[in-house]
Amino acid sequence: SSLETYRDNAPALAQAGYRCHRLDLLGLGLSEKAPGPYSIGRWRQQAAAFLEANAGGKPAILVGNSIGSLVSLDVAAKRPELVKGLILNNCAGGMNSKFAVTDPAVSEPSRAV
């Protein structure tokens, strides 16, 4: 998975009035293969810095794929001022046992009204 996963979605979202930015996490996708170790915390810091630099000071809707879904959850839990909402795709099944979200506001499923 890489930022290319959403290549075809970004133009339609932009036409609908959303600002779209795509990010590959360090060591994954098309990103720099920086020295490890890699961790949810390191990727959270990367994502938070990206949001601070690119989201215009407004909370963003994060779309996470695979490990990015866990990183998105972690950003929402630890930096809630940066996050307006979450879209989680293909949540990283192999890592779910290594990472738990304990904040009920994040871990409980939301219900459409």
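Refer to the structure above for everything that follows.
No experiment lies behind these values; they were computed from the predicted model shown.

1. Let's talk about the overall build of the chain
From N to C terminus, the chain includes four helices and two strands. Ordered by position from N to C terminus, the α and β elements of the chain give α-α-β-α-β-α. Residue burial in the chain is summarised as follows: out of 113 residues, 31% are buried. In the chain, the proportion of contacts linking residues at least 24 apart, taken out of those at least 6 apart, comes to 55%. With the model as given, the accessible surface of the chain reaches about 7,300 Å², and the carbon-plus-sulfur share is 54%.

2. Brief notes about the layout of surface pockets
When its volume is computed, the largest pocket comes out at roughly 1,200 Å³. Looking at the largest pocket, it is lined by 36 residues, and the ones nearest its centre are His21, Arg22, Ile61, Leu62 and Val63. Sorting the residues of the lining of the largest pocket by element identifies helix H1 (10-15), helix H2 (40-54), strand S1 (60-65), helix H3 (67-78) and strand S2 (83-89) as the ones contributing at least two each. When residues of the lining of the largest pocket are assigned to their parent elements, the largest contribution, six residues, is made by S1. Split into classes, the residues belonging to the lining of the largest pocket amount to 21 nonpolar, 10 polar and five charged.

3. Regarding the packing of H2 against H3
Put simply, H2 and H3 touch, their axes get as near as 9 Å, and they point 70° apart. By the criterion of interaxial angle, the relationship of H2 to H3 is roughly perpendicular. In terms of crossing hand, the pair formed by H2 and H3 is right-handed. Together, Ile40, Gly41, Trp43, Arg44, Ala47 and Leu51 of H2 and Ile67, Leu70, Val71, Asp74, Val75 and Lys78 of H3 make up the contact between the two elements.

4. Topic: the pattern of salt bridges
Inspection of the entire model under this criterion finds five salt bridges. Taking the shortest distance from any N to any O, the salt bridge between Asp8 and Arg7 comes out at 3.6 Å. Across the salt bridge formed by Arg44 and Asp74, the nearest N and O atoms sit 2.6 Å from each other. Taken together, the residues Arg44 in helix H2 and Asp74 in helix H3 connect sequence positions 30 residues apart. According to the relative accessible area criterion, Arg44 is buried, its value standing at 18%. Three or more residues are tied together by salt bridges with common partners; here these are Arg44, Asp74 and Lys78.

5. As for the nonpolar core
Within the largest apolar cluster, 19 residues are counted, with the highest numbers of intra-cluster contacts made by Trp43, Leu51, Val71 and Val75. Elements with a contribution of two residues or more to this core: H2, S1 and H3. Element by element, the count of residues in this core is highest for H3, at six residues. For Val71, the residues in contact, after removing those within four places along its chain, are Leu25, Ile40, Trp43, Arg44 and Ala47.

Quick notes on the rules
Residues numbered from 1 in each chain as written. Predicted model: local features only at pLDDT ≥ 70, side-chain atom pairs only at ≥ 80, totals over all residues. Heavy atoms only, no water. Helix = DSSP H or I, 4+ residues; strand = E, 2+ residues; numbered from the N terminus. Buried < 20%, exposed > 50% of the residue type's maximum accessible area, 1.4 Å probe, protein only. Contact = heavy atoms within 4.5 Å. Areas by Shrake-Rupley, 256 points an atom, 1.4 Å probe, with all protein chains shown as cover. 1 Å grid on protein atoms, 1.4 Å probe; cavity = no way out; pocket = protein on both sides within 12 Å on 5 of 7 lines; lining within 4 Å. Points joined across faces, edges and corners; volume = space filled by probe spheres on them. Nonpolar A, V, L, I, M, F, W, Y, C, P; charged D, E, K, R; others polar. Axes fitted to C-alpha atoms, helices over the stretch in contact; angles between N-to-C directions. Parallel < 35°, antiparallel > 145°, perpendicular 65-115°, else oblique. Left-handed = near helix turned anticlockwise from the far one by under 90°. Salt bridge = Lys/Arg side-chain N within 4 Å of Asp/Glu carboxyl O. Core = buried A, V, L, I, M, F, W, Y, C linked by side-chain atoms within 4.5 Å.

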